Amino acid sequence: MFELPDELVTLGKERIEGFPVEGFVRGKGPKNPTILLIGEAPGENEAVQGMPFVGRAGDELVKSLTSIGLTRDNVYMTSAVRSRPYIWKDKKARNGEITKRKYNRPPTQQEIIAHAPVLDYELTHIAPVVIVTLGNVGLQRLLGKDAKVSALHGQLIEHEVQHLASLEENKFKWSEEKYLIIPTYHPAAVFYRPSNRDILEEDWAKIGQYIASAKLKFS
């Protein structure tokens with residue numbers, strides 16, 4: 001199993017101090033996975049359990065992996081941001097009582113930059129057959145703000161990726177090497193738009209086909 005250095009985890013926690021986030025979830029998986037999965041950020045379940053992709057979205061992801069003959073053991077799971085971004089909102093109980101609770105929210109660009117060194121390290125040290133981005137945040141972290149999952153999902157893209165220019169500069173620059181990336185929707189997309197399930201199934205079928213052909217090529 002691949003392990004992040006403790007000093008990098010400490011750096012990630014320090015760089016995101018002061019933002020409305022909680023917890024820190026390390027990536028999980030082997031150093032030479034079939035797929036490097038890059039999501040958005042931990043949700044409530046992930047922050048509590050300290051594991052990426054658990055809960056309902058994790059169950060959907062496992063279904064997609066199973067459909068192409070893979071398990072969690074075959075993939076490395078990570079995300080653009082490692083701490084759960086939250087927002088306080090009112091929650092109304094059935095008896096009418098209103099309480100405050102934390103809800104998930106998308107990470108900001110500043111939070112993505114704060115945790116950029118962590119993902120940069122994983123991109124440098126993990127050697128997957130292919131990178132699969134889940135949703136716009138993971139995709140745009142690699143390919144920039146103009147990349148949209150609605151336009152690129154299911155496509156095999158060979159391209160440089162963004163990485164932090166330096167710890168002192170809050171901006172990205174392009175890597176020298178190119179990476180193989182197949183974007184698709186986040187597994188939670190099926191919850192708010194059931195029609196996304198057909199798209200996801202088609203994308204994962206393409207991912208499976210590419211992996212099969214790549215393994216055949218190098219066997």
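Residues numbered from 1 in each chain as written. Predicted model: local features only at pLDDT ≥ 70, side-chain atom pairs only at ≥ 80, totals over all residues. Heavy atoms only, no water.

Trainee: It is not clear to me how helix α3 (residues 55–67) should be interpreted in this structure. Could you clarify?
Mentor: One full turn of an α-helix is made of 3.6 residues, so residues set three or four places apart face in the same direction. Helix length check: α3, at 13 residues, gives a terminal C-alpha distance of 19 Å against a target of 18 Å (1.5 Å per residue), a fit within 8%. Every buried residue belonging to α3 is among A57, G58, E60, L61, S64 and L65, and all of these are buried. For α3, the angular spread of the buried residues around the axis is 160°, confining them to a single face. Pointing more than 90 degrees away from the buried face of α3 are the exposed residues R56, D59, T66 and S67. Of the residues flanking the end of α3, it is G69, one or two places downstream, whose phi is positive at about 80°. (Helix = DSSP H or I, 4+ residues; strand = E, 2+ residues; numbered from the N terminus. Expected span 1.5 Å × (residues − 1). Buried < 20%, exposed > 50% of the residue type's maximum accessible area, 1.4 Å probe, protein only. Arc of directions from axis to C-beta.)

Trainee: Help me understand the sheet that holds strand β1 (residues 21–22), please; the structure alone is not making it clear to me.
Mentor: By way of backbone hydrogen bonds, the strands of a sheet pair with one another, either parallel or antiparallel. Strand order across the open sheet formed by three strands is β1-β4-β5, with antiparallel pairing between neighbours. Pairing within the sheet leaves two strands with one partner each, and these edge strands are β1 and β5 (98–104). Of the pairings in the sheet, the one linking strand β4 (residues 84–92) to β5 comprises seven bridges and is antiparallel in character. Pairing of K92 across the sheet is with I98, part of β5. (Pairing = 2+ DSSP bridges.)

Trainee: I would appreciate a short explanation of the pattern of salt bridges in the present structure.
Mentor: One pass over the structure, following the stated rule, counts 11 salt bridges. Among the ionic pairs, K100 bridges to D90, the shortest N-O distance being 3.1 Å. A residue pair is termed long-range when its members are at least 10 positions apart, and K100 in strand β5 and D90 in strand β4 qualify at 10 residues. Residue K100 is classed as exposed on the basis of its relative accessible area, which comes to 58%. Measuring nitrogen to oxygen at the nearest pair gives 2.6 Å for the salt bridge that ties R141 to D120. With a gap of 21 residues between them, R141 in helix α6 (residues 136–143) and D120 in helix α5 (residues 116–125) connect regions that are remote in the sequence. For the pair shown, R141 and D120 are each scored as buried. Where salt bridges share partners, they join E22, R84 and K102 into one cluster. (Salt bridge = Lys/Arg side-chain N within 4 Å of Asp/Glu carboxyl O.)

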